[in-house]
Amino acid sequence: MHYSMILKFKTKPALITTVIILILLLSWLVGSVTEHEIRNAFLMQTRIGANSIDINRLKNLTGTAADLKSTDYLQLKQQMASIRKVDKNLYFVYLMGVKNGKVFFYVDDRPDGHPEGSPPGSPYDEAPKEFNNVMQTGIPTVEGPSADSWGSFASGCAPVIDPKTGKTIAIFAIDFVTSSWYWRIVSNAALPVGLVIIVMLLIFSNLISMRKGKLLKISEEKYRFMFDDNPQPNWIFDMETLSFL
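The structure presented is a predicted model; accordingly, all values stated were derived computationally and were not measured. (Residues numbered from 1 in each chain as written. Predicted model: local features only at pLDDT ≥ 70, side-chain atom pairs only at ≥ 80, totals over all residues. Heavy atoms only, no water.)

Enquirer: For this particular structure, what's the right way to read the overall build of the chain?
Expert: Assigned secondary structure in the chain consists of six helices and five strands. Reading the helices (α) and strands (β) of the chain from amino to carboxyl end gives α-α-α-α-β-β-α-β-β-β-α. Restricting the contact set of the chain to residue pairs at least 6 apart, pairs at least 24 apart contribute 60%. Carbon and sulfur atoms form 61% of the exposed surface of the chain, whose accessible area is close to 15700 Å². (Helix = DSSP H or I, 4+ residues; strand = E, 2+ residues; numbered from the N terminus. Contact = heavy atoms within 4.5 Å. Areas by Shrake-Rupley, 256 points an atom, 1.4 Å probe, with all protein chains shown as cover.)

Enquirer: Just checking my understanding: could you explain the sheet that holds strand β2 (residues 102-108) for this structure?
Expert: Pairing between sheet strands relies on hydrogen bonds along the backbone, with the strands arranged either parallel or antiparallel. Here we have five strands laid out as an open sheet, ordered β2-β1-β5-β4-β3, and antiparallel in their pairing. Each edge of the sheet is formed by a strand with only one pairing partner; in this case those strands are β2 and β3 (141-148). Strand after strand, the sheet turns through a mean of 35 degrees between neighbouring axes, direction not considered. Note that strand β1 (residues 90-99) and β2 share six bridges and pair antiparallel. Each residue of the ladder has a partner; that of M96, found in β2, is F105. (Pairing = 2+ DSSP bridges. Axes fitted to C-alpha atoms, helices over the stretch in contact; angles between N-to-C directions.)

Enquirer: Honestly, the side chain of T46 in this entry has me stumped. Any pointers?
Expert: Considering the arrangement of structural elements, one finds T46 in helix α2 (residues 12-51). Of the polar contacts made by the side chain of T46, one reaches the backbone oxygen of F42; its length is 2.8 Å. Ignoring any residue separated from it by four or fewer positions in sequence, one finds T46 in contact with G156, C157, A158, F172 and I174. (Polar contact = N/O pair within 3.5 Å; in protein donor to acceptor, adjacent residues only side chain to side chain.)

Enquirer: Before we go on, may I ask you to explain the nonpolar core in this structure?
Expert: One broad trend across soluble globular proteins is that nonpolar side chains are buried collectively. Grouped together as the largest cluster of nonpolar side chains are 25 residues, with contacts concentrated most on I53, L58, M80, L95, Y106, V160 and F172. Counting only elements with at least two residues in this core, the list comes to α2, α3 (55-59), α4 (71-86), β1, β2, β4 (151-161) and β5 (168-177). When residues no more than four places from it in sequence are discounted, the contact partners of L58 are I53, L76, L95, Y106, V160, I169 and A170. (Core = buried A, V, L, I, M, F, W, Y, C linked by side-chain atoms within 4.5 Å. Buried < 20%, exposed > 50% of the residue type's maximum accessible area, 1.4 Å probe, protein only.)

Enquirer: What's the story with the packing of aromatic side chains in this structure? I'm lost.
Expert: Aromatic ring pairs are described here by two measures, namely the spacing of the ring centres and the angle between the planes. Tallied over the full model, the rule gives eight aromatic pairs. Ring centres of F92 and Y94 lie 4.9 Å apart, and the angle between their planes is 35 degrees; this geometry places the pair in the tilted category. A relative accessible area of 1% places Y94 in the buried class. An aromatic cluster of three or more residues is present, and its members are F92, Y94, F105, Y124 and F131. (Phe/Tyr/Trp six-rings, centres within 6.5 Å; stacked < 30°, edge-to-face > 60°.)

Enquirer: It is not clear to me how the pattern of salt bridges should be interpreted in this structure. Could you clarify?
Expert: Side chains that carry opposite charge are capable of pairing whenever their charged atoms lie near each other. Applying the stated rule across the entire model yields eight salt bridges. With a shortest N-O distance of 3.0 Å, K77 and D108 are connected by a salt bridge. Of the two residues, K77 sits in helix α4 while D108 sits in strand β2, which places them 31 residues apart along the sequence. Since its relative accessible area comes to 9%, K77 is described here as buried. R84 is paired through a salt bridge with D109; the nearest N and O atoms lie 2.8 Å apart. One end of the pair, R84, is in helix α4; the other, D109, is in the loop between β2 and α5 (129-137), with 25 residues separating them in the sequence. Given the relative accessible area of 28%, R84 is considered partly exposed. Under the relative-accessibility criterion, D109 is labelled buried at 5%. Among the ionic contacts, a cluster of salt bridges with common partners joins R84, D109, R110 and E116. (Salt bridge = Lys/Arg side-chain N within 4 Å of Asp/Glu carboxyl O.)

Enquirer: Any chance you could explain the pairing of β1 here in plain terms?
Expert: Along any regular strand the residues' side chains alternate between the sheet's two faces. For β1, the tally of buried residues reaches seven of ten residues, placing the bulk of the element in the interior. Of the strand pairs in this sheet, β1 and β5 are connected by six bridges, and their pairing is antiparallel. Bridge pairing links L95 to F172 in β5. The hairpin turn running from β1 into β2, its antiparallel successor, is two residues long, and N100 in that turn takes a positive phi close to 55 degrees.

Enquirer: Whenever I open this one, the pairing of β3 confuses me. Can you help?
Expert: Sheet topology note: the β3/β4 ladder contains six bridges and is antiparallel. Opposite A147, over in β4, you have S152 as the bridge partner. Taken together, β3 and the strand that follows it, β4, pair antiparallel across an intervening segment of two residues.

Enquirer: It is not clear to me how the environment of E130 should be interpreted in this structure. Could you clarify?
Expert: Within the secondary structure layout, E130 lies in helix α5. On a C-alpha basis, the gap between E130 and G156 in space is 9.9 Å, while along the polypeptide they are 26 residues apart. In this structure, E130 is in contact with T141 and E143, ignoring residues within four places of it in sequence.

Okay, here's the thing in C-alpha cells:
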C-alpha cells in the first residue's frame, strides 16, 4: 500500500476526530467562562446604576400619569438617558415598581411620547419572574437572554433600596441587546480558541511530516535492498515488438 494511503487510513480519522472534539470542548469551556465574566460585569454595571438613583426623587413619584409634570420624574428620565449613552450596546434603561404582584414602569430613558417608551404607571405584563424576585429578595440578577414583544435581550436587574428602612422600593434595570451579548462572548473567546486551533494544526502537520518521513525511509530501504541484493537485473521483453513486459 502506498505510504500516502497508509497515512490517510491510519492517521487522519482518529487525529482529526480528536482535534475536533478538543476544539469543541475548548470552545464550550471558554464560551462559558466568558459569559460568566460578562454576566458579572453586567451585574456590577446594573448595581452601580441602581446605587446612583436619588432615593428622594424616586419616593416623590406616584407611578401614574401625574408624574409627567414632576421635576423629579424629568430628572430621573434624564439620568436614565445618560446611563444608556455610556454603552452603545445598552438598549433600554428604566425604573420599575411592583403593586399587587404586577410590575409597572416608573420612568425610562425614552423621551415622553416615544413609540418605544413606557408612560409612568404602564404595566409590564411580560416581565420575567426574576423582576419580582429582585423586588422581594433584594438580590440583583441578570435575566436571559430571552425574548418578548419588545425584542430579545439580557436584562440586568438590581434593587433600589431605601437606606432608612432597608426595603427595596424599586427595580433598576438595563436591557442588553442579545446580538451584542453573543457577539461579545464570541469575540472574547475567539483569540484563545484560535490560538489553540493554530497550535493543534501545527502539531497535526508535524505528526504527518514525521510519519511521512518514516514511511519514506522504509520505502527507500526496501528499494535499496532490492538493488543491493540483485546486482544483475533482468528485463523481459517481446521479441517482435521489443516492448518491455
